[in-house]
Structures are given as structure tokens and as C-alpha cells.
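# Overview (structure and organization)
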Amino acid sequence: MKTKLGFFGAGKMAEGILAAASLAKDFDPKSVLMAEKLPARAKELEKKYGVRTTPDAKDVAKDAPVIFLSVRPQDLAALAADVKPLLTKKTLVVSIAAGKSLATLKKALGKDVRLVRVMPNLALRAKEGMCAICPAKNATSADVKKVAKILNGAGQTVVLEEKHFDAVTALSGSGPAFFAYMEQAMAAGGEALGLPADAARLLAEQTMLGTAAYLRQSGADLESFISGVATPGGTTAAGMDVMRASDFRKVVAATLKAAATRSAELGK
């Protein structure tokens with residue numbers, strides 16, 4: 001079986017990408033080869049998706065024209081030492097290694113390898129991911145379209161310059177934790193008002209989900225939407241008065257700045 005798609009690493013984020021790829025009409029699980037050293041994890045993926053696995057990343061490097069680099073950033077050097085001699089200008093490597101720049105990847109994997117850097121988030125696993133894409137200079141427009149097609153199967157993509165990736169990391173990469181924290185706060189507030197814990201969480205979670213879905217579908221201006229819900233003298237207006245009088249916006253901005261700063265530090 002000729003390999004069409006390979007993976008260096010088979011963690012949860014790699015599985016999210018695999019799940020996205022599997023939605024394509026012409027997807028053949030036997031054309032996917034994933035490098036995974038843990039036998040139990042390898043068997044899990046084989047059973048769940050029907051893909052092939054190998055404990056040796058060199059097998060993937062030899063056979064796959066498109067490879068997702070999905071190892072931990074600290075494992076990149078060891079991986080590169082094994083696979084670099086096997087990668088050529090015919091190989092497209094799509095990296096989701098956090099903080100690793102295109103320059104770092106080029107140095108590690110070789111100057112001839114075509115590179116695309118992607119910053120995904122955990123929502124890929126729910127088929128609602130957000131991925132930023134940045135191609136290296138030697139990547140073609142067809143390469144970018146190919147990567148976007150795979151990732152769009154599990155959410156949305158945007159092509160950005162690499163200089164924006166620390167901000168992307170903060171906003172969409174770390175964002176799921178920040179939204180979960182907001183949900184946690186809203187659910188706790190509901191409990192404080194006497195709601196059962198499970199009902200409070202459901203109300204908070206579905207409200208966030210439904211609002212996001214409506215805003216995406218309608219394309220509504222955010223401030224106009226807020227004003228439309230917060231009618232003068234109403235309950236929403238009373239709550240918004242508290243939020244607007246607080247440092248909420250400053251806290252959110254500071255949160256994103258701290259995450260972006262740490263992303264830049266990790267990339268050095």
C-alpha cells in the first residue's frame with residue numbers, strides 16, 4: 001500500500017488531524033502511516049481508524065510525501081537526527097510543533113524539505129478546530145491548499161505570516177483554556193444563585209456554544225449584537241454595567257499578552 005499521508009508522532013492533536021483527513025470522500029486509512037513507539041497507542045489507532053503504524057519514524061520518512069510533524073517540541077532534535085537524511089525536496093512536512101519556527105525546522109530537517117507551519121488548537125478533536133497556516137518560501141500554493149483542505153475537515157483555517165504566530169498561540173492555541181475558565185466562572189455564578197451544578201454548567205456551556213454559532217452564521221457586528229441583547233433597563237444591561245465598570249477587558253488583554261510573550265520565549 002502506497003503511503004499518502006504520514007505522521008511523526010501520534011498524540012491527541014495528531015489524532016484530531018487524522019480525524020479531519022478521514023472525512024474526505026477519497027480517504028483510504030491504509031494509505032496513512034503513523035510513527036508511534038507505544039504499542040498500546042498504536043493498536044488503539046489501528047483499531048479506531050484502520051491506519052497503519054510503525055515504531056520507527058524512518059519508515060514514515062521513506063514512504064510518505066506529506067508528513068505531519070506532531071512530536072513534542074523537546075523531541076524535535078532527536079527525531080530530526082533520524083529522519084533528516086531521508087527527507088527530500090519532494091517531501092512536504094507540516095509542523096504543529098509549538099514554538100518551532102520555520103527557520104528552526106529548516107535547520108533541523110534540511111534546506112530542501114518543503115515546510116508549512118501550523119498552529120492548531122484542541123478543538124480539532126471536536127471537529128471545530130482553529131488552525132493558522134504559514135508556508136515557508138519553498139512551499140507551493142498547492143501545498144497550502146492541500147494542508148488547508150485536510151484541516152478544514154475539522155474546523156477553520158487562516159493563512160498568516162509567521163510574525164503573527166505568537167499572537168495566534170495566545171488567542172486560539174491557548175484560548176480553549178481561557179474560554180473554559182470563563183465557562184467555569186459563569187457556572188459557579190449560577191450555582192451561587194441556587195442552580196444545581198450540572199444544570200449551571202449546561203446552561204453556561206450551551207449559551208457559549210449557541211452564541212458563537214449564531215455570531216458565525218450571522219456575521220453580526222459584536223457591539224451591535226451586545227447592544228441588541230442588552231436593552232436599556234433590562235437584566236442584560238444590569239449585568240453589562242458591572243462588566244464594563246470592571247477591568248475585564250484589561251484582564252483579557254493581559255492574559256493574551258502573557259501567553260504570547262511566553263510563546264516567543266519558548267521559540268528562542
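This text gives an overview of the structure that appears in the document. Note that the structure is predicted; figures quoted are calculated from it, not measured. (Residues numbered from 1 in each chain as written. Predicted model: local features only at pLDDT ≥ 70, side-chain atom pairs only at ≥ 80, totals over all residues. Heavy atoms only, no water.)

## With respect to the overall build of the protein chain
- Of regular secondary structure, the protein chain possesses 12 helices and 8 strands.
- Considering only C-alpha atoms, the protein chain reaches an extent of 70 × 40 × 30 Å along its principal axes.
- When the accessible surface of the protein chain is totalled, it reaches about 15,600 Å², and 60% of it is carbon and sulfur. (Helix = DSSP H or I, 4+ residues; strand = E, 2+ residues; numbered from the N terminus. Areas by Shrake-Rupley, 256 points an atom, 1.4 Å probe, with all protein chains shown as cover.)

## Section: the pairing of strand E2 (residues 32-35)
- Residues Val 32 and Met 34 point to one face of E2 and Leu 33 and Ala 35 to the other, with burial holding for every one of them.
- Direction of pairing for strand E1 (residues 5-8) relative to E2: parallel, over a ladder of 4 bridges. From the neighbouring strand, Phe 8 faces E2, where its bridge partner is Ala 35.
- Handedness of the crossover joining E1 and E2 through helix H1 (residues 12-21) is recorded here as right-handed.
- When E2 meets strand E3 (residues 52-54), the two strands line up parallel, connected through 3 bridges. From the neighbouring strand, Ala 35 faces E3, where its bridge partner is Thr 54.
- Regarding the hand of the β-α-β motif, the stretch spanning E2, helix H2 (residues 39-49) and E3 is right-handed. (Buried < 20%, exposed > 50% of the residue type's maximum accessible area, 1.4 Å probe, protein only. Pairing = 2+ DSSP bridges. Right-handed = clockwise from strand over helix to strand, strands pointing away.)

## As for the pairing of strand E5 (residues 92-95)
- Burial along E5 is two-sided: the face carrying Leu 92 and Val 94 and the face carrying Val 93 and Ser 95 are both buried.
- Bridge count between strand E4 (residues 66-69) and E5: 4 bridges; the pairing is parallel. Bridged to Phe 68 within E5 is Val 94.
- Handedness of the β-α-β unit built from E4, helix H4 (residues 76-83) and E5 comes out right-handed.
- Bridging between E5 and strand E6 (residues 114-119) involves 4 bridges; their strand directions are parallel. Its bridge partner lying in E6, Val 93 is registered against Leu 115.
- Taken together, E5, helix H5 (residues 102-109) and E6 form a β-α-β motif whose crossover is right-handed.

## Quick word on the sheet that holds strand E7 (residues 129-135)
- Ordered by their spatial adjacency, 8 strands build an open sheet running E3-E2-E1-E4-E5-E6-E7-E8, and the pairing between neighbours is mixed. Edge positions in the open sheet fall to E3 and strand E8 (155-159), since each of these has one partner strand only. Looking at each pair of strands side by side, their axes are set apart by 25° on average, direction ignored. (Axes fitted to C-alpha atoms, helices over the stretch in contact; angles between N-to-C directions.)

## Section: the side chain of Thr 53
- When you line up the elements, Thr 53 lands in strand E3.
- Overall, the relative accessible area of 19% leaves Thr 53 in the buried class.
- Within the structure, Thr 53 has its side chain in polar contact with the side chain of Glu 46 (distance 2.4 Å).
- When near neighbours in sequence (up to four residues on either side) are disregarded, Thr 53 contacts Leu 33, Met 34, Ala 42 and Glu 46. (Polar contact = N/O pair within 3.5 Å; in protein donor to acceptor, adjacent residues only side chain to side chain. Contact = heavy atoms within 4.5 Å.)

## Digging into a nonpolar patch on the surface
- A cluster of nonpolar side chains, Met 243, Phe 248 and Val 252, forms an exposed patch at the surface whose accessible area comes to about 220 Å².
- Mapped onto the fold, Val 252 is located in helix H12 (residues 248-266). (Patch = residues over 30% accessible without salt bridge, like charges linked within 9 Å, V, L, I, M, F, W, Y side chains within 5 Å. Salt bridge = Lys/Arg side-chain N within 4 Å of Asp/Glu carboxyl O.)

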